[in-house]
Amino acid sequence: MSKIITPYKDSSLGKKEQVAQMFDNISGSYDGLNRVISLGIDMKWRKKVVALVAEKNPKIILDIATGTGDLVIMMANNTAAKKIIGLDISAGMLEVGQQKIDEKKLSEKIEMVLGDSEKMPYDDNYFDAITVSFGIRNFENLEKGLAEIYRVLKPNGIFVILETSVPVKFPFKQGYTFYTKFILPIIGKIFSKDNNAYGYLSESAANFPFGETLNNILRKISFIECKAMPQTFGVATIYTATKK
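Residues numbered from 1 in each chain as written. Predicted model: local features only at pLDDT ≥ 70, side-chain atom pairs only at ≥ 80, totals over all residues. Heavy atoms only, no water.

On to the overall build of the protein chain. Regarding its fold elements, the protein chain presents 9 helices and 7 strands. Taken against the 2.2 N^0.38 rule, which gives 18 Å for 244 residues, the C-alpha radius of gyration of the protein chain at 17 Å falls within 12% of a compact globule. Taken along its principal axes, the extent of the C-alpha atoms in the protein chain is 45 × 40 × 35 Å. Counting every position in the protein chain, which comprises 244 residues, the buried fraction comes to 55%. Taking the contacts inside the protein chain whose residues are at least 6 apart along the sequence as the reference set, 71% of them involve residues at least 24 apart. For the protein chain, the exposed surface amounts to about 11,300 Å²; the carbon and sulfur share of it is 55%. If the 32 positive side-chain charges of the protein chain are averaged to one point and the 27 negative ones to another, these points end up 6 Å apart. (Helix = DSSP H or I, 4+ residues; strand = E, 2+ residues; numbered from the N terminus. Rg over C-alpha atoms; globule rule 2.2 N^0.38 Å. Buried < 20%, exposed > 50% of the residue type's maximum accessible area, 1.4 Å probe, protein only. Contact = heavy atoms within 4.5 Å. Areas by Shrake-Rupley, 256 points an atom, 1.4 Å probe, with all protein chains shown as cover. Lys, Arg positive; Asp, Glu negative; His and termini not counted. Charge placed at Lys NZ, Arg CZ, Asp CG, Glu CD.)

Quick look at the structure:
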């Protein structure tokens, strides 16, 4: 990233602590607001991520920045995995996610863990598949976080990222810029008690490396077979990579 983007400009906390605080603040309204902001399209993107993971027939999966658990629930219902771990630094988001998991009676298959993606309590070569949806741009140190993911992923295991990106073609680029700069923060202020949150989310999305730039960072970490697949005119991108 060209600069470090944080939720609270006047805070003395580091990015990691600020992100945790922000997601704690918006956890109660996060799911509903996400559906409004993305017009529900984000669920379509998540289904594609699940399909890519399911093709590899993983037995144990890690979902980083799992939030309120949408992706782990989908993977529990649509893959053959015996164990799925959802990791997040926000206790508030995990609490909402755990409620959803309990309601769906998936607690035996899904474990929600409060933890730091840059320092995970798992052995080397532990997971068959690792996913991150709309969370990788919140890493305090992107390369450190990716190196930790590489460490705990098994050789030939699949790593899938779903993240916002910036359309490059007219008129989608101009429309996206207007929406994220002006409309999204207004929606966030109306529906969320944290006025900074959705301004941060749009600013961080605009400044995060995407496409081949992110692929090159993955290659620097030693990931191979790195592929970027733009979604919905380029407003999001699905990335796949593996470990040699």
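On to helix α4 (residues 70-78). Of all 9 residues in α4, 7 are buried; the element is thus mostly enclosed. Taken together, the buried positions of α4 are D70, L71, V72, I73, M74, M75 and A76.

As for its placement among the helices and strands, D42 is situated in helix α3 (residues 41-54). The class of D42 is buried, set by a relative accessible area of 3%. Not counting chain neighbours up to four residues away, the residues in contact with D42 comprise N34, R35 and F134.

Bringing the pairing of strand β3 (residues 110-114) into the picture now. As defined by bridge partners, strand β2 (residues 83-88) adjoins β3 across 5 bridges and the pair is classed as parallel. Among the inter-strand pairings, L87 is bridged to a residue of β3, identified as V113. For the handedness criterion, the β-α-β arrangement of β2, helix α5 (residues 91-103) and β3 is classed as right-handed. (Pairing = 2+ DSSP bridges. Right-handed = clockwise from strand over helix to strand, strands pointing away.)

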